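Each chain, letter by letter, is given below.
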Amino acid sequence: MKKQAKRHGQLYEIVKRFSKRKIAVVAFFVLVVMLALCLGAPIFAPYDYALQDPFNTLAMPSWQHPFGTDGFGRDIFTRILYGGRNSLLISLFSSLISVVGGGIIGAISGYYGGKTDNVIMRLVDVFMAIPGILLCVVISAALGTGPWQTCAAVAIGGIPGGARILRAQVLALRKQEYIEAAGAYGSSDMRIVLTHVVPNCLAPVIVDTTLRLGMNIMMISGLAFIGLGVQAPHAEWGAMLNSGREYIRDFWPLITFPGLAIVISMLGFNLFGDGLRDALDPKLKT
Amino acid sequence: MLKYSIKRILLMIPILLGVIIIVYSISYFMPGDPVQTVLGATGYTQEQYDMTAHRLGLDVGLPMQIFNYLKNLVTKGELGVSYYTGRSVMEEVVQRAPISIGIGILSSLVLIVISVPIGIISAVKQNSVLDYCISVLAIVLASVPGFWLALEFILLFSLKLRWLPASGLSTWKHYILPVACNSLGSIAMLARMTRSSMLEVIRADYVRTAKAKGVKYEVVITRHALKNALIPIITVIGAQFSMIIGGSVIIENIFSIPGMGSRLVAAISNRDYTMLVGITVVLSTFTMLMVLLTDLMYAFVDPRIKAEFESLNGRRRPVIKPPAPGGPNVAVSGAVTDGVTSGHVSGAGIGKGGAKP
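Rules of the game
Residues numbered from 1 in each chain as written. Chains lettered and ligands numbered in written order. Predicted model: local features only at pLDDT ≥ 70, side-chain atom pairs only at ≥ 80, totals over all residues. Heavy atoms only, no water. Helix = DSSP H or I, 4+ residues; strand = E, 2+ residues; numbered from the N terminus. Buried < 20%, exposed > 50% of the residue type's maximum accessible area, 1.4 Å probe, protein only. Lys, Arg positive; Asp, Glu negative; His and termini not counted. Charge placed at Lys NZ, Arg CZ, Asp CG, Glu CD. Contact = heavy atoms within 4.5 Å. Areas by Shrake-Rupley, 256 points an atom, 1.4 Å probe, with all protein chains shown as cover. Axes fitted to C-alpha atoms, helices over the stretch in contact; angles between N-to-C directions. Left-handed = near helix turned anticlockwise from the far one by under 90°. Nonpolar A, V, L, I, M, F, W, Y, C, P; charged D, E, K, R; others polar. Phe/Tyr/Trp six-rings, centres within 6.5 Å; stacked < 30°, edge-to-face > 60°. Core = buried A, V, L, I, M, F, W, Y, C linked by side-chain atoms within 4.5 Å. Domains from an automatic or database assignment. Expected span 1.5 Å × (residues − 1). Arc of directions from axis to C-beta. Patch = residues over 30% accessible without salt bridge, like charges linked within 9 Å, V, L, I, M, F, W, Y side chains within 5 Å. Salt bridge = Lys/Arg side-chain N within 4 Å of Asp/Glu carboxyl O. Buried area = accessible area lost by both parts, 1.4 Å probe. pLDDT = per-residue confidence, 0-100.

Moving on to the overall build of chain A. The helix and strand tally for chain A stands at twelve helices and zero strands. In chain A, the order of α-helices and β-strands from amino to carboxyl end is α-α-α-α-α-α-α-α-α-α-α-α. Referenced to the eigenvectors of the C-alpha coordinate spread, the extents of chain A come out at roughly 75 × 45 × 30 Å. Within the span of chain A, comprising 286 residues, buried residues form 51% of the whole. Charge-centre separation for chain A: the mean point of 25 positive side chains lies 11 Å from the mean point of 17 negative side chains.

Structure representation (structure tokens):
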């Protein structure tokens, strides 16, 4: 019971610290609204995302179509909601895979050190030598187009970064007395890592995940923008921007609104991540 | 210092090797048959198919293909032949690389010239309206993808205002939009980093001492504070450079710049995998060189790091020296594993060896 009360106290402290950062709180609520709208797209969207209206193509924003219609007469607002569902879900899954997968690799590398560490880190170095977007483009080209493939490409591309972060954390913790004590009274490596090491390096990992969510949204839409990633008839923000390039001369809504959606969600995650960093660990600096 | 630089360049080789192996392996699993890309979908005999596969070196397993690729690269300086155009990949890359790399370097220079002063001003005038505006702008800009910025810039500056051209690369005006789109996001990041790094040193005792001595404020900021704040700034510049090079793949595509990035995207849709591998390897190599350059800059900025490099070289020197005749071999083998004791032990060994005759 006592332990639980203490946990509650810590969470309370974190929430209190977080709520002091007004911008981060606003970002959090914007994100919540956006997530709700996008995940609930079938409920909130006024039209079907694939419904074409050949008599009403490239319509300017109006009461019927708040953001206008695209080249096939599909409602842009509806497609942004559905596109957001794709972008946000893919970003969420790929970030989690990167963080967990990279985290496991990083923890092994940092905890065991020596040869294991050397081999893993050299491999990570190789992956990190390829510029991030380029790596995603290459993997995505191999896996083909589609939401799952994009998710895998972005996730794999993010694993080396995730590994580095956790490794650095584990290295810093490894020499702490309580880790040595745990080893001395006979805990297995697995147990030490899972119950002592990992919980103590969660704060930077959580912050990294949040910032990664924003970053991945850009990656995903970037991939779709150059014709990899999620493709028609599925809606995706980057793919919508790409289709808007065709009409850039006389129809601005198709390249403006999906882009704004990307910016707002990225801004949301970045600000939320910043606020979270301050709330989780006041010692960490921006 | 020179020794360290050479060592670092040599250390790049295994990483580069790894990059080639990984990128080539990924391309091996890409959809589509390269032989069909060359021959066309139909209208060839099995014999023709086999011959083409042999000519392209695709009739052997993946490890052998990678080996041949590396052999070609080392002995002939070739990156294979494009499946799509039939031209040498190296030839095309050499032709396009200066454009991409030029824009990359130009973007980085713009990045440094703009964001470091902004960051300094922001830090010096902490909590002023200006600082606040810069901080907000930095966060917003960091959340704007370059490719969307590119579209909006084309819409505004090329189509509405007709100030700047939207595609091609013939005059200096053509460079403005791509460079701006490449660097704006990074400017935000670097300005933020400069600000926080400066804030950390600006209250340091030595800065106060310098001020108390009566050194001009500008000199205190540039000589005393900035120099000590440079290390994290340089680190971010290296990271941002990698971002710029990666982002240029998409940006070049939008502005129809005949660089490596636009060719890469075309190569994917043409299933021109040798080109894809070649360009990825060249871009990665270049990025690695730039990161190396930033690493070496540390030594110029911080004498402590330089001293560390030099002492490192000095300490390892006995390891490289061959053992003197008659000197105990044990000492040398021990020296390889442990840097600190190596100087002692093998030095003593050499001393003994030298004393014997």
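Moving on from the model shown.
What follows is about the overall build of chain B. What chain B contains, in helices and strands, is 15 helices and zero strands. For chain B, the residues scored as buried account for 46% of the 357 residues in total. Considering only residue pairs separated by 6 or more positions, chain B has 70% of its internal contacts joining residues 24 or more positions apart. Accessible surface, chain B: about 18,100 Å² in total, of which carbon and sulfur atoms supply 67%.

All names here are of chain B. With respect to the helices, strands and loops of the structure, N182 is situated in helix α8 (residues 173–202). A residue is classified by how much of its surface remains accessible, and N182, at 8% relative accessible area, is buried. Once the C-alpha coordinates of N182 and F147 are considered, the two residues, 35 residues apart in sequence, prove to be 8.7 Å apart. Apart from residues no more than four positions distant in its own chain, N182 is found in contact with I103, S107, I244, G247, S248 and I251.

Moving on, we come to the packing of helix α7 (residues 146–160) of chain B against α8(B). Residues and elements named next belong to chain B. Between α7 and α8, the least distance of the axes is 9 Å, while the angle of their chain directions is 145 degrees. Remark: the crossing between α7 and α8 carries right-handed chirality. On the side of α7, the interface is formed by G146, L149, A150, F153, F157 and S158, while α8 contributes L177, A180, C181 and L184. The residue makeup of the contact of α7 with α8, split by class, is eight nonpolar, two polar and no charged.

All names here are of chain A. For the coordinates displayed, the defined rule picks out 15 aromatic pairs over all chains. Centre to centre, the rings of F67 and F257 are 4.1 Å apart; their planes meet at 5 degrees, and the pair counts as stacked. Of the two residues, F67 is situated in the loop between α3 (41–44) and α4 (76–112) and F257 in helix α12 (residues 253–280); the sequence distance between them amounts to 190 residues. What makes F257 buried here is its relative accessible area of 16%. The structure contains a cluster of three or more aromatic residues connected by ring pairs, namely F18, F28, F29 and F272.

This brings us to the nonpolar core. Core analysis: the biggest nonpolar cluster contains 144 residues, and A:W237, B:M198, B:I254 and B:F255 have the highest contact counts within it. Per element, the largest residue contribution to this core is 15 residues, and it comes from helix α10 (residues 217–254) of chain B. Two domains share this core, each providing at least three of its residues, namely domain 1 (1–84 + 270–315) and domain 2 (92–245) of chain B. With sequence-adjacent residues up to four places away left out, B:F255 is seen in contact with B:A150, B:I154, B:A166, B:S167, B:G168, B:L177, B:P178 and B:C181. Ranked by size, the runner-up nonpolar core spans 13 residues in total, among them A:V99, A:A107, A:A182 and A:V193.

Our next topic: the environment of B:I26. Along the chain, B:I26 turns up in helix α1 (residues 2–28). Given a relative accessible area of 15%, B:I26 falls into the buried group. Sequence separation between B:I26 and B:D302 is 276 residues, and the spatial gap between their C-alpha atoms is 40 Å. When sequence neighbours within four positions are dropped, the list of residues in contact with B:I26 reads A:V138, A:I139 and A:A142.

Turning our attention to helix α2 (residues 22–39) of chain A. Turn by turn, an α-helix covers 3.6 residues, leaving residues three or four places apart pointing in a common direction. All names here are of chain A. With 18 residues, α2 extends 26 Å between its outermost C-alpha atoms, agreeing within 8% with the 26 Å of an ideal straight helix rising 1.5 Å per residue. Of the residues making up α2, those classed as buried are A24, A27, L31, M34 and C38. Buried residues of α2, seen end-on, are gathered within an arc of 85 degrees and therefore sit on one face of the element. Counted as exposed and oriented over 90 degrees from the buried face of α2: K22, V26 and F29.

Another aspect to go through is a nonpolar patch on the surface. Residues and elements named next belong to chain A. On the surface, a cluster of nonpolar side chains totalling about 750 Å² of accessible area is made up of L35, L39, L89, L92, F93, L96, I97 and W148. Listed by contribution, the elements that provide at least two residues to the nonpolar patch are α2 and α4. With five residues, the single largest contributor to the nonpolar patch is α4. Residue L35 is classed as partly exposed on the basis of its relative accessible area, which comes to 32%.

Another point: the pattern of salt bridges. Residues and elements named next belong to chain B. Tallied over the entire structure, the rule returns 15 salt bridges over all chains. The salt bridge partner of E92 is R96, with a shortest N-O separation of 3.5 Å. Taken together, the positions of E92 and R96, both in helix α5 (residues 89–124) and four residues apart, correspond to about one turn of that helix.

It is worth spelling out the interface of chain A and chain B at this point. In this assembly, 39 residues from chain A lie in contact with 44 residues from chain B. Approximately 3,600 Å² of surface area, both sides summed, lies buried where chain A meets chain B, with 79% of it carried by carbon and sulfur atoms. In this structure, B:R192 engages A:D274 in a salt bridge whose closest nitrogen and oxygen atoms are separated by 2.6 Å. Of all the secondary structure elements, the ones that give two or more residues to the side of chain A that touches chain B are α5 (114–129), α6 (132–143), α10 (202–225), α11 (237–245) and α12 of chain A. Considering only residue class, the side of chain A that touches chain B consists of 28 nonpolar, six polar and five charged.

Next up on the list: unusual backbone geometry. Unusually for a residue other than glycine, B:N127 sits at a positive phi of about 70 degrees. Turning to its location among the elements, B:N127 is positioned in the loop between α5 and α6 (129–142).

In a regular helix each residue adds 1.5 Å, so 28 residues correspond to 40 Å; α12(A) covers 40 Å between its end C-alpha atoms and thus fits that length. The element α12(A) is largely enclosed, with a buried count of 24 among its 28 residues.

Reading fine detail from the predicted coordinates is not recommended where pLDDT is low. Residue and element names in this part refer to chain B. Taken as a whole, chain B shows an average pLDDT of 79; of its residues, 86% reach a score of 70 or greater. No element of chain B has a lower mean pLDDT than helix α15 (residues 339–355), which averages 33, and none a higher one than α5, which averages 90. For the stretch residues 314–357, pLDDT sits under 50, and the model shows 26 contacts to residues farther than four places along the chain or on other chains. Predicted as a complex, the structure gets a pTM of 0.82 and an ipTM equal to 0.85.

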